[in-house]
Amino acid sequence: MTAPDVPQDNRLREVWLLLATLLVAIAGLIYELIAATVSSYLLGDSVRQFSFVIGVFLSAMGLGAWVSRFVADPVRGFIWAQVALGVIGGFLAPVLFFSYAVTDTVGGPLYGALIAIGALSGMEIPLIARVLETVGARRFRFENVLTVDYIGALVASLAFPLFVIPNLGLMSASLSFGVLNLAVALLSLWIFRDRALRAQWVACGLALVAAVVALVQAERLVSVADQALFEDDVILTEQTAYQKISVTRFRDRTRLYLDHSLQFDSYDEYRYHEALVHPAMSIAERHANVLILGGGDGMATREVLRHDGVEHITLVDLDPRMTALFRDHAELAALNAHVLSDPRVSIVNSDAWRFAEQSQATFDVVILDLPDPKNIALSKLYSREFYSLLIERLASGGALVTQSGSPTYAPEAFWSIVATWGEVRNPALPDDTLTTLPYHVYVPSFGDWGFTLVTPLPHRARPLSLPEGLKFLTEATWSAARSFPPDAARRPVQSNTLQTHALVEYYLTGWDRWFE
């Protein structure tokens, strides 16, 4: 039964406005997260990008809340805001990706759209509150509207990493929530049809058709954007819960990109992987049991299995889709000689830190083939605390190696990694430090690239024991790799810890110095 002093249509309007508050709160936060994620993919340094995006978005919301007082008709203002959000927010990701592909810049469109979306989102709650008052909502309290809004924010923050990105990807997610805003506008037009303008029906209808068509064609849009972003033909692109995987091909060359950052070029990857794997395998007293952190493409595993005496390899990579592709996809598996199907290889899809913390196994060789430390999430895997965990998993006569970035492009970052290992307690010789051996090689796709070899026991100066069939590494190239020119030589730098994360700033400053 409806209370006699509250008309039936006003009760419907009251319920709808509270539901709309929930829906628009979800959409608004999703747009914010999409903007931050896209900017992190394209510009790097996720902490900086998320901080800038959140700050600008919240400031724009405050501006929108203030501007809302000048809206004469709150119903019409709310509907126009939903139409505008459906268009600007819905096409946010497509515009950002195509802008970056065409102009190689994304800052202007990103922050312009972010200010518009933030301002429109900031107008929503004050307008809804005014409409609720005008429809005579029973026991209306402004805090009830805010509670529903905050619940929507919680739903969006949980759904974004767990459902939205793994199942939709950025392009489809942006368009899907644009359709949601437009659907809110359309239902509001019907519920408040006595106050709606014909222009709003037309604008909403046209925008909804455009957004739905774009959503249906989202996969094609992704393909077109990828073709514009990459020089080569895109043969595979997938958004996983952890990263965007893109594989391109030019003639007989295959390239892998993770979040648009090049990971390898099949034309010269052997240089990198031979330099990464074989010195440690040769210096270790035994190499029966090997641990590889990262390296989900299987290239490092391929090099490890060139050595006789390898009994078991544990490959730890966070993204199960990455290891599945390079195990099961015929063309990609061929690049690593199908080693991920070898019975000696166990794949563990887990966080590297968690694995190091929970594992009780001991390994003869540990190989860190991790992404560059361009943000805090990755920097922790280059920290003194993580290295202290990991060294406990290494046999006393074993060897550990980590890729360490470029001593030419970012020398402070390179030597910070070396310095960090120098501060790690030596479990085999508690009164001594670990033995560190920095070296570098030239990889055409990356330039000058460096590595750090670590052993608990001092190793004897002797020729490397290299397997047959290598294309790059020889005793002569190994000797040259240990020599650094003055402009890349050791320098005083801070070590990297969870408290300082000095490595991130070294890394970003070094690369910006060359490429910005």
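(A) Here's a closer look at the packing of aromatic side chains. Applying the stated criterion across every chain yields a total of 18 aromatic pairs. Between the aromatic rings of Trp66 and Phe70, the centroid separation amounts to 5.1 Å while the plane-to-plane angle is 75°, which identifies the pairing as edge-to-face. We classify Phe70 as exposed; its relative accessible area is 56%. With a centroid separation of 6.1 Å and 45° between ring planes, the pair formed by Tyr507 and Trp511 is classed as tilted. In this pair, Tyr507 and Trp511 both sit in helix 18 (residues 502-515), four residues apart, roughly one turn of the helix. Here Trp511 falls in the buried class, since its relative accessible area comes to 18%. Joined through ring pairs, the aromatic side chains of Tyr272, Tyr409, Tyr439, Phe446, Trp449, Phe451, Trp478, Tyr507, Trp511 and Trp514 make up one cluster. When the ring centre of Trp190 is taken as reference, the NZ or CZ atom of Arg193 above it lies at 4.6 Å. The ring of Phe97 is capped by Lys244, whose NZ or CZ atom sits 5.4 Å from the centre of that ring.

(B) Layout of the sheet that holds strand 5 (residues 289-294). Taken in spatial order, the seven strands line up as 7-6-5-8-9-11-10 in an open sheet, and their pairing is mixed. Each edge of the sheet is formed by a strand with only one pairing partner; in this case those strands are strand 7 (345-348) and strand 10 (435-443). On average, each strand axis in the sheet is tilted by 15° relative to the strand beside it, whichever way the strands run. Pairing between strand 5 and strand 8 (residues 363-369): five bridges, direction parallel. The residue bridging Leu293 from the neighbouring strand is Leu368, located in strand 8. Set on the sheet, helix 16 (residues 411-422) makes contact with strand 9 (394-405), strand 10 and strand 11 (447-455); between it and strand 10 the angle comes to about 160°.

(C) The layout of surface pockets, seen in detail. There is about 420 Å³ of room inside the second largest pocket. Considering only residue class, the lining of the second largest pocket consists of 13 nonpolar, four polar and three charged.

(D) Representation of the nonpolar core in the model. Membership of the largest hydrophobic core comes to 82 residues, with the highest contact counts inside it found for Leu293 and Phe386. Not counting chain neighbours up to four residues away, the residues in contact with Leu293 comprise Val316, Ala352, Phe355, Ile367, Leu368, Asp369, Leu370, Phe386 and Leu390. Ile79, Ala93, Ile165 and Met171 belong to the second-largest nonpolar core, a separate cluster that totals 63 residues.

(E) Spotlight on the environment of Leu381. Positionally, Leu381 belongs in the loop between helix 14 (376-379) and helix 15 (384-391). With near-sequence residues (within four places) excluded, Leu381 lies in contact with Ala352, Trp353, Leu370, Phe386 and Tyr387.

(F) Region of interest: the pattern of salt bridges. With the rule as written, the count across this model stands at 17 salt bridges. Its salt-bridge partner being Arg195, residue Asp73 comes within 3.5 Å of it at the nearest N-O pair. Within this pair, whereas Asp73 is found in the loop between helix 2 (46-67) and helix 3 (74-88), its partner Arg195 is found in the loop between helix 6 (142-191) and helix 7 (198-216), the two being separated by 122 residues in sequence. Asp73 sits in the partly exposed class, given a relative accessible area of 22%. A salt bridge links Arg302 to Glu303, with the nearest nitrogen and oxygen atoms 2.9 Å apart. Just as Arg302 is buried, Glu303 falls in that class too. One continuous salt-bridge network, built from bridges that share partners, spans Glu269, Arg302, Glu303 and Arg306.

(G) Quick peek at the pairing of strand 3 (residues 253-258). Here strand 3 lies mainly inside the structure; five of its six residues are buried. Pairing geometry for strand 2 (residues 244-250) and strand 3, over six bridges, is antiparallel. When the sheet's bridge partners are listed, Ser246 is paired in strand 3 with Tyr257. Where strand 2 folds back on strand 3, the antiparallel hairpin that results is connected by two residues, among which Arg251 adopts a positive phi of roughly 55°. Bridge count for strand 3 against strand 4 (residues 261-265) is four bridges, and the pairing is antiparallel.

(H) Focus on the packing of helix 16 against helix 18. At a closest axis distance of 7 Å, the pairing of helix 16 and helix 18 adopts a crossing angle of 155°. When the axis of helix 16 is compared with that of helix 18, the two are roughly antiparallel. When helix 16 is examined against helix 18, the residues Pro411, Glu412, Ala413, Ser416 and Ile417 are found in contact with a partner set consisting of Leu503, Tyr506, Tyr507 and Arg513. In the contact of helix 16 with helix 18, the residues fall into six nonpolar, one polar and two charged.

Rules of the game
- Residues numbered from 1 in each chain as written.
- Predicted model: local features only at pLDDT ≥ 70, side-chain atom pairs only at ≥ 80, totals over all residues.
- Heavy atoms only, no water.
- Phe/Tyr/Trp six-rings, centres within 6.5 Å; stacked < 30°, edge-to-face > 60°.
- Buried < 20%, exposed > 50% of the residue type's maximum accessible area, 1.4 Å probe, protein only.
- Helix = DSSP H or I, 4+ residues; strand = E, 2+ residues; numbered from the N terminus.
- Lys NZ or Arg CZ within 6 Å of the ring centre and 35° of its normal.
- Pairing = 2+ DSSP bridges.
- Axes fitted to C-alpha atoms, helices over the stretch in contact; angles between N-to-C directions.
- Contact = heavy atoms within 4.5 Å.
- 1 Å grid on protein atoms, 1.4 Å probe; cavity = no way out; pocket = protein on both sides within 12 Å on 5 of 7 lines; lining within 4 Å.
- Points joined across faces, edges and corners; volume = space filled by probe spheres on them.
- Nonpolar A, V, L, I, M, F, W, Y, C, P; charged D, E, K, R; others polar.
- Core = buried A, V, L, I, M, F, W, Y, C linked by side-chain atoms within 4.5 Å.
- Salt bridge = Lys/Arg side-chain N within 4 Å of Asp/Glu carboxyl O.
- Parallel < 35°, antiparallel > 145°, perpendicular 65-115°, else oblique.

Honestly, that's just the spatial picture; any functional story needs more than this.
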